Every structure is written in C-alpha cells, then in structure tokens.
2 protein chains.
Amino acid sequence: MAKEVTKRSENYSQWYNDLVVKADLAEQSAVRGCMVIKPYGYAIWEKMQQVLDGMFKSTGVKNAYFPLFIPKSFLSREAEHVEGFAKECAVVTHHRLMTNPDGPGVVVDPSAKLEEELVVRPTSETIIWNTYKNWIHSWRDLPILCNQWCNVVRWEMRTRLFLRTAEFLWQEGHTAHATSEEAYAKAEEMVNVYAKFARETMALPVVVGHKSPGERFAGALDTLTIEALMQDGKALQAGTSHFLGQNFAKSFDVTFANKEGQLDYVWASSWGVSTRLMGALIMAHGDDNGLVLPPALAPIQVVMVPIYKSEEERNAVLDKMYELKKALEAKGHSVEVDDRDTLRPGFKFAEWELKGVPVRLAMGPRDLAAGTVEVCRRDTLEKISEPLEGLEDRIIGLLDDIQKSIYNKALAFRDASIRKVDSWEEFKEEIEKGGFLLCHWDGTAETEARIQEETKATIRCIPVDSAVCMEEGKCVYSGKPSHQRVLFARSY
Amino acid sequence: MAKEVTKRSENYSQWYNDLVVKADLAEQSAVRGCMVIKPYGYAIWEKMQQVLDGMFKSTGVKNAYFPLFIPKSFLSREAEHVEGFAKECAVVTHHRLMTNPDGPGVVVDPSAKLEEELVVRPTSETIIWNTYKNWIHSWRDLPILCNQWCNVVRWEMRTRLFLRTAEFLWQEGHTAHATSEEAYAKAEEMVNVYAKFARETMALPVVVGHKSPGERFAGALDTLTIEALMQDGKALQAGTSHFLGQNFAKSFDVTFANKEGQLDYVWASSWGVSTRLMGALIMAHGDDNGLVLPPALAPIQVVMVPIYKSEEERNAVLDKMYELKKALEAKGHSVEVDDRDTLRPGFKFAEWELKGVPVRLAMGPRDLAAGTVEVCRRDTLEKISEPLEGLEDRIIGLLDDIQKSIYNKALAFRDASIRKVDSWEEFKEEIEKGGFLLCHWDGTAETEARIQEETKATIRCIPVDSAVCMEEGKCVYSGKPSHQRVLFARSY
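Every value quoted in this text rests on a predicted model; they were computed, and no experiment measured them. Sequence order as written defines residue numbering, which begins from 1 separately in each chain. Following the order in which they are written, the chains are lettered starting with A and the ligands numbered starting with 1. Per-residue local features of the predicted model are confined to residues with pLDDT of at least 70, and side-chain atom pairs are confined, for both listing and counting, to 80 or more; whole-chain, interface and lining totals are unaffected and use all residues.

> Even after reading the chapter, I still don't get the sheet that holds strand β20 (residues 372-377) of chain B, so can you show me in this structure?
Strand pairing in a sheet takes place through backbone hydrogen bonds and is either antiparallel or parallel in direction. Residue and element names in this part refer to chain B. In this analysis, strands are considered paired if DSSP registers two or more bridges between them. A run of H or I in DSSP becomes a helix once it reaches four residues, and a run of E becomes a strand once it reaches two; helices and strands are each numbered from the N terminus. Read from one edge of the open sheet, five strands run β18-β17-β19-β20-β21, paired in mixed fashion. The sheet terminates laterally at β18 (335-337) and β21 (383-387), the two strands that pair on one side only. Strand-to-strand, the axes of this sheet are offset by a mean angle of 25 degrees, without reference to chain direction. The pairing of strand β19 (residues 359-363) with β20 spans four bridges and is classified as antiparallel. By the bridge assignment for β20, A362 is matched with E374. Our contact criterion uses C-beta atoms placed from the backbone: two residues qualify when those atoms are within 7 Å. A fitted line through C-alpha atoms represents every axis, and for helices the fit uses only the stretch in contact; the resulting angles, taken between N-to-C directions, go from 0 to 180 degrees. In the packing of helix α9 (residues 311-330) onto the sheet, the strands contacted are β17 (302-306), β18 and β19, and the crossing angle to β17 comes to about 170 degrees. Sheet strands touched by helix α10 (residues 345-354): β17 and β19. Its angle to β17, the strand with the most contacts, is close to 170 degrees.

Following this line, the structure appears as structure tokens:
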C-alpha cells in the first residue's frame, strides 16, 4: 500500500508536511526546530547548489569560509542589525563538559565559562566585515566578491520543515566595493540571478521588487526580493539581496584609499537563498499524488518499472531497460531502474509519483514484443504508448517539455492571481481569496502596519517592473496620494 | 617586492604558517581557534570535495544533513565515546540575547536558558544513530550509506591553521549494516578510497593501517588510518575509518529484523577526512619559494605572464595568451592570464610561485616573433623555451608529468624514511632524525605509553600490508615476543 497523502483541498498545511516526510525529503530531529535533510531531499538541494554556484562564479564570485561563531559584542556594533533580528540566537557560554560528580552522565563544567559569549551565526555580515577590515586598504583591493555555503541558526519559535527551521543551510554572498553605484549594481545583479534560477531551474515564476523600508534586512539601505506564489494563494519570499551602503564598513571601520588617495568607507552588498527554496519548490508544483519535480532538479529524472510474471520475462524486460538507462545516462540524464522484486508495479508507480520523478516508463513482455513502452509524465499524469525506436531523444524532448510546462502552469496560476484592487472594501474581500493584490499605498509605515493588523497581508514588494506599477493613484487604505502600486499578499 | 617566506631549514613551523597566510589560503579569525578560509584556499578544498564526493557516490554513498546541535545527554550514552573526546566542546546554554539594561550592547537573556544544553557537534555518531533508529526496522532497510559535508567544533587548546582548529570542515560518513562483515568491509573500502585519493589526487603517498587500541576512535572496535609523512619527518594522520561494531546501535537501541525474523542490533562504520588535508598538502610538497600544488588540485593550473614595454607589445602578447587560454580551457584546464599592468613580471613570477601554480608561461615580443614561449614548471623550477606550435598538448602532458613527479618525489622521500629498528638505543637515536620507524612492539598499552613518554613517538599504525610487517621478533622496548612490526613516528 502506498503512503497516503492528505489532499490539498482538505488541509494544505498537512498536505505539505505529508509531502516533505513521506517523499523522504526531511524530518524533525531530536533537537527542537532542527531538521534532518534525508538523502532524497539533500540530492535536490545539491542540484540547486550546483546550478546556483555556477551562476555565482560566472559573475566573478568566489567561495570562502568564515567562522561559525560570532563574538557577542560584534552583533551590537551595527545598531539596527542587532535590533532587527540578531537576538533570537544560540549562545555558546562554555567550552567543556565534565563527568557529573553527583550522578550519571555529563554536566557543563562551570570552570570552562567563556570570557565573552559566542553566538552561532544567524548571518555573517559582522564577522565578515571584521575580516574584510584586514583585506582592504586600497581601491586595488576592491571589489571583493565572496560567497559561503554554510549553516546558520535563528532560534525560531514556530518552525516548519524547510520553511522556517532553527538551523538551515544557505549561501550568503558578501561583496565590498569602491562606489555606491557598484555595490548597488551587484545587489541588483544577484537578485536577477536568483530570479533567473527560480524561473529556469525551479520552474518558478517570481516577482522581483524592493522591500518596503519596514521589511528591509536590518542594516540595509535597500532590500531586493524575489516573491513567489504558492498554490494556496500565499506568497513566499524566496531570496533577498541587500544594498548595505556603508553601514557595516562604518561599524567595523573598513576604509580604503581611493584613486585620489583619499580615505573612504567601503560599500557593501549581501544576498542569500536557503533551504527554504525546497519549501517553495514543493508547494509551487506538488499535487495530491505527491511532489512534481522540474527535471532540472530531479535527482531521478526517469524511472523504469518492469512488469512481468516469470523470471524469463523479468530478465528480458530488465535487459532492455538497462540498455535504455545506459543510453540516457550517456546523454547526462539520471535514470533508475526499479528492479525490486518484492513490490508490485502499482505500489512502485505510487511511490515514484509521490517522489515526483518527471518521467516513468513501464514495460512488460507484450510491450517488448510490440517494440513499445508506456510513458507517463508526472506533471499531467498523461500516459502514452511510445515506440522503442528513437526513444532516448523523445524522452529528452519530453523532459524539456515538462520543465517548460511546469513553469507555464505556475506562471498562468500566478498571473491569474495578480489583481489590481482600488478600494479598501474590495481589498478585504479579495485578500481572503489569496494571491497578489496590486494596490496603491501612501508609503507610510503606519498604513502598512494597519493593513497587516486588519488583514494579515504585508507588502511583499514594490515591483521593479515599472510598467506594472508606476502610476499615480490613491492609497487603498488611507486614500492619500500614491505614485506607485505595490504588491500585497499574505505570506509564509 | 614579493612576500618573504621563512626557509624550511630555518624554522619549519614558521615556514608552514608563512605559506598558509602569504599564499592566501587561510588566516586566524577574531574567534579563538577558528579560521577564515580565504578564496584561494577554499578553491583547493572545493576541488578535494568534488573528487572525494564523486568517489563516495560511486561506492553507493548518498549525502544527507543532520543537525549541528546534539543534546548533551546523547553524548553520555556511549560511555567510551564521551570519555574519549567529546568533553572539550562548545556548549549552547541560552537562546536569546537582550539589550543590556545596565549599559551599552547586548547581554545573554537569563530567562532564555535551555532546559537541556546543546553541544555543537564534535562528530555526529550520536545524533545520527538516534535518527537511524527511526529509519531501520528490517534487513530491507539496510544498508544505509550516508555522508555529510559539514562543520564540526572541538575546543582545542593549541590550534594551528588547517592542522588543528576549533572549527573545521569535514565529511563524515555513517553507514549501517546487517552484518559485522559488511560493516567492516565498508570501513576498509573507505580507508582505501582515502588512500587512493591521497595518492592520485593529492600526490601524497600514505601508509594504510590499523590504529593501536589506545589510539582508536572513542567507541570504535577498530580504526583504520592513512598516515602521511611531512618533509620535517613528522607523520600526519590524514583520514580515519572506523568499524564501530554494534556500540552505537546498542546505545541508541537500533535493531532490525533479520531475514529469519530475529531482532539484532545494527552494525556500523564511520569515516572522515577534514580540512586538515590542506595542511598535509602544504607540508608534503611545498618548498622555500612557496606552495607546490599537484595539478589535480590547483585552482589555477597554468598562469601566463606577459612581458612587454609598449602598449603595442602588450596587446600582441596578450592576444596570443588569450588564444592559448581558450584552447586550454576548452580541454578542461584552468588558466589565468596575469594582465595586471601595475606589477613587474618578476613580482608576478614570485607571487605565482608562492601560490604553487604548476605551470607558468612567460612570453615577450621576441618569443612571439620566434614563435616560442618560456615554460616554467613549479615543482622543479625548470625553465625551457617551447615552440608555440602544438603547445596545448605539451602543456597537458606536462601537467600530467608534474602530478606524477610530485608523487614520486614524495614517495621516494617517504620510502627512504622508513627504517627497521631493532634496539632501543637505535630507536632513541633514529627517532631524532624523523621519519617512520618499523619496529616490533609487544602489543601492550604500557609499552606504547612509555615509548611516547620517553621519545614523543607514537604508534602511527599497524600496517595492513603484511609483507612489510608480519614477522616474529622482540619488542624494541621491552624485549618481549612480538608477532608484527608496527610504524612509530612523531606526529602532528
């Protein structure tokens, strides 16, 4: 019997958890809020890393590694930074355990108290800018374009697998520049890298925009974001890129001599995406049968299930399958032949559907005799009988088509969900239906806060695409003058 | 002026530090014992990861990710494990900072004390076996072959960049099996993967052997190791693979129903290599001019330095260099053209020697006219003039030759340093000269401890190559009967 998945229409949140756990992506660990990423889930994350890493490097970024720990005092150097989010964090206070003198087990050795507490990095601007101080003296040392793939910890109270966990994996890029323009351009370049990755690799359409001042990263002068829409109509922030101005350079006293020989503070950007992308991938494309993985990220792109009664039939079908597997692998595709002998084909079908494998081939002795194979595509669940002759090329074409179809489906859904709303009554009604509302906003934090209080909707972003939103109008809430529409939604 | 490197003969330890810091591999951070791995150093580590990861995967291993934190109580479940090394570790006791009520900055919020302290993983056997408990029920769930690439923390008192740091990067494989034989075979397979990687990729000859019981990993029934020899005659343990028996399965109650339906505890192996390999690489091959990188791990395999006076000459030479670069990159090689206009060629030569780039090409207008180029190989510093005609293929051949030559040089040095020693007087004399001493040992921990006390030498391993060491004799220290020679050395 295949594992049962809750229907989206019954309980979307439970459906999500079912997919994560039953498709073997991740599970809760014994440590509150920290997850175990299982091999199948990690294989998807590795594919994401590989593609993103190549994209970063092609823009000149190099990887490096900075310490896990940050001295407590560093966090308070950039005032907004610590106020913003750095307080809910894991604090290391001691460096030794000792045998419990009063019973079994081990206890913290009170004599091994640290002089200054260390915080497990919630993000690394502070320790990195403290390091950059020693790397930067002159304009010749700039730009510095570093990225690190690492774990970070934020002590979240309510956690959900991939979407919000105490420990998560991410990349954080930190760049240093001689001019404001160059640092800003880098922040823009990287949010566009994220958008391209989301579209082309994750098959996920996103809106690129600026965060409102209230939603900016703590310490940033501008935060750019990619916002995606999930099937339940809620938005998900999938990646951010920050223009940090000279804030961290000033806090850590990082100056450089410019070409004219004058000292100036260094300009900065930082940008990151995390294992949260896994959550976006699952929720954007999955269906009631399980995951629907875009071929570009599927650890297994093609699975083959043999159908047989006798050992002889089994061997004949498997021989053909291994031949096909070899041909597809030679062309760079990942293929699994499910030759487990103890499970029925129907069980296997359900399992691979749950795991979101893009293409499933099934073949029995009759197919073999007829020179055909049954091909099922995961996105539409459509089945067709295909001739074996020239099958490799058609499967490669099919993978390509699935990648595009998944994107187009998500795009159509997203586009249909963006509505212009011009009255407060309509706003309150429409926000209940989910999706993005494109509305005028008077630009004040007060209005933003009230809208959130009354509807739980937040400004997801001020889209960069000015054709969509640059127009004069009146704020949907206050009626005050507005020069631009912004995107509201409820969100993860 | 190029950066000055201390000579090995003057101060080997300072020479090592100079190479690490001046070749831009790594540096100390603001956090005691934690290093920053700089882009050039990280690029070497990434190449190591890539090759090793491919080797692991080809043995069926899959990557996964387990939590950074381990509940304190987990560490005391396996008694030997906690006694062995788990005590010097970073302990998280609180999960929040707060604004200092009595002054500037932030302080630990006393109300945010954790119920149970968390330890930053020094190694992950405990949290992983606690997870495997839920994954394993029947023989059908076995084997489990997981690896993770991650950071770990051991609160070392004396640290040295790459060789011993409080935080380091590593991979740790953890496998679960139905039988003792299978688990043992996996531990053996993986130590052989490490040995092959060391030889073929790092150009580093190693001795594969068993640790003596006293040097085993805490909780293991057998520890296999690869031991390398550094140029100062000290040994360096470069990777270990452990047969854990059923120890962790028993501590975390991980049982499975075997094919006969009987419950049994699961058998385990674990194995790891770390950024310590970077230290081995530097110390095994470097010379007084800097790093000597084997081409298989060099982030830049070929560097080209143009020589010119006029702008016209510069353009002509650079055009030719970019053409060559393109041709070499098309064949999968990494090439840098050093077109910096503010530095003299001699400075550039010294810098690329310091950074260990295997092949350097220099070309000026006279070379261009003659259709030649000056080729310098880093390992021997030999310079020859080569015709441009057919240069790509000869460079590729040269890289291959350098890889082999570096290995052969290290092998000759290592082999010359292994001496059979049969008397205690000779032992004390020979150990001062460095290298490996192959001696009879009576098999007792007492003798092992005394030899270490008197000479600082430890048993690096009991070699698996029985031809080398299986013979009857008398212990070099106690004179008691011995059935096998073992390898002694002073070590890092």
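> Would you explain the relation of the copies chain A and chain B in this entry?
Two chain copies, one operation linking them: a rotation about an axis together with a shift along it. Once chain A is rotated about the relating axis by 180 degrees and shifted along it by 0.0 Å, it coincides with chain B to within an RMSD of 0.0 Å. On this basis, the relationship between the two copies can be described by a two-fold rotation axis. No C-alpha of chain A approaches the rotation axis more nearly than that of V92 of chain A, which lies at 2.1 Å. Here the copies were fitted onto each other by least squares, based on C-alpha atoms from residues at pLDDT of at least 70 in both.

> What exactly am I supposed to notice about the nonpolar core here?
Most often, soluble globular proteins keep nonpolar side chains buried together rather than apart. Linking buried Ala, Val, Leu, Ile, Met, Phe, Trp, Tyr and Cys residues through C-beta atoms within 7 Å yields a set, and such a set is a nonpolar core. Partly exposed residues are those whose C-beta has more than 12 but fewer than 20 other C-beta atoms within 10 Å; 20 or more makes a residue buried and 12 or fewer makes it exposed, with C-beta atoms placed from the backbone. Residues A198 and A228 of chain A together with A198 and A228 of chain B are the most contacted members of the largest nonpolar core, which totals 308 residues. Ignoring sequence-local partners within four residues, the contact set of A228 of chain B consists of A198, L204, V206, A235, L236, A238, A280 and A284 of chain B.

> What should I look at first to understand the confidence of the model for chain A in this one?
Interpretation of the predicted coordinates at a detailed level should be avoided for regions scoring low in pLDDT. Scored from 0 to 100, pLDDT reflects the predictor's confidence in each residue. Here chain A averages 96 in pLDDT, and 99% of its residues register 70 or above. Both scores are available for the predicted complex, with the pTM at 0.97 and the ipTM at 0.96.

> Where do I start with the interface of chain A and chain B in this structure?
By convention, interface size is frequently given as the accessible area that disappears when the constituent parts associate. Between chain A and chain B, the contact holds 51 residues from the first and 52 residues from the second. In terms of residue count, the dominant contributor to the side of chain A that touches chain B is strand β5 (residues 91-94) of chain A (four residues). Residues were grouped as follows: Ala, Val, Leu, Ile, Met, Phe, Trp, Tyr, Cys and Pro as nonpolar; Asp, Glu, Lys and Arg as charged; and all remaining residues, including Gly, as polar. For the side of chain A that touches chain B, a count of residues per class yields 31 nonpolar, eleven polar and nine charged. As defined by bridge partners, β5 of chain A adjoins strand β5 (residues 91-94) of chain B across three bridges and the pair is classed as antiparallel. The partner of V92 of chain A across the bridge, within β5 of chain B, is V92 of chain B.

> It is not clear to me how helix α8 (residues 276-285) of chain A should be interpreted in this structure. Could you clarify?
Because the α-helix completes a turn every 3.6 residues, residues three or four places apart line up on one side. Extensive coverage of α8 of chain A is indicated by the burial of ten of its ten residues. Within the sequence span of α8 of chain A, burial applies to R276, L277, M278, G279, A280, L281, I282, M283, A284 and H285 of chain A.

> In this structure, what is going on with the domain arrangement of chain A? I would like to understand it.
Either an automatic procedure or a domain database provided the assignment from which the domain bounds are taken. We note that the domain assignment places domain 1 (12-285), domain 2 (302-401) and domain 3 (418-489) within chain A. The gap between the C-alpha centroids of domain 2 of chain A and domain 3 of chain A is 49 Å.

> Help me understand the pairing of β5 of chain B in this model?
Here β5 of chain B runs beside strand β8 (residues 113-120) of chain B; their pairing, made up of three bridges, is antiparallel. Note that in β8 of chain B the partner of V91 of chain B across the bridge is V119 of chain B.

> It is not clear to me how the sheet that holds β5 of chain B should be interpreted in this structure. Could you clarify?
Strand order in the open sheet formed by six strands is β4(A)-β8(A)-β5(A)-β5(B)-β8(B)-β4(B), and the pairing between neighbours is antiparallel. Both edges of this open sheet fall to β4 (69-71) of chain A together with β4 (69-71) of chain B, since each of them pairs with a single strand only. Sheet twist, expressed as the average angle between the axes of neighbouring strands with direction ignored, equals 45 degrees. Pairing of β4 of chain A with strand β8 (residues 113-120) of chain A involves three bridges; the strand directions are antiparallel. For I70 of chain A, the partnering residue across the bridge sits in β8 of chain A and is V119 of chain A.

> Before we go on, may I ask you to explain the pairing of strand β23 (residues 436-440) of chain A in this structure?
Successive residues of a regular strand alternate their side chains across the two faces of the sheet. Residue and element names in this part refer to chain A. Among the five residues of β23, four are classified as buried, and the element is accordingly described as predominantly covered. By convention a crossover is right-handed if, when the strands point away from the viewer, the path from the first strand over the helix to the second runs clockwise. Once you follow strand β22 (residues 418-420) into helix α13 (residues 424-431) and on to β23, the crossover reads as right-handed. With four bridges joining them, β23 and strand β26 (residues 481-489) adopt antiparallel strand pairing. Along β26, the bridge assignment pairs L437 with F488.

> Before we go on, may I ask you to explain the environment of A178 of chain A in this structure?
All names here are of chain A. Among the secondary structure elements, A178 is positioned in the loop between β10 (167-177) and α6 (180-200). Residues A178 and A257, 79 residues apart in the sequence, show an inter-C-alpha distance of 9.3 Å. With sequence-adjacent residues up to four places away left out, A178 is seen in contact with W139, L142, F256 and N258.

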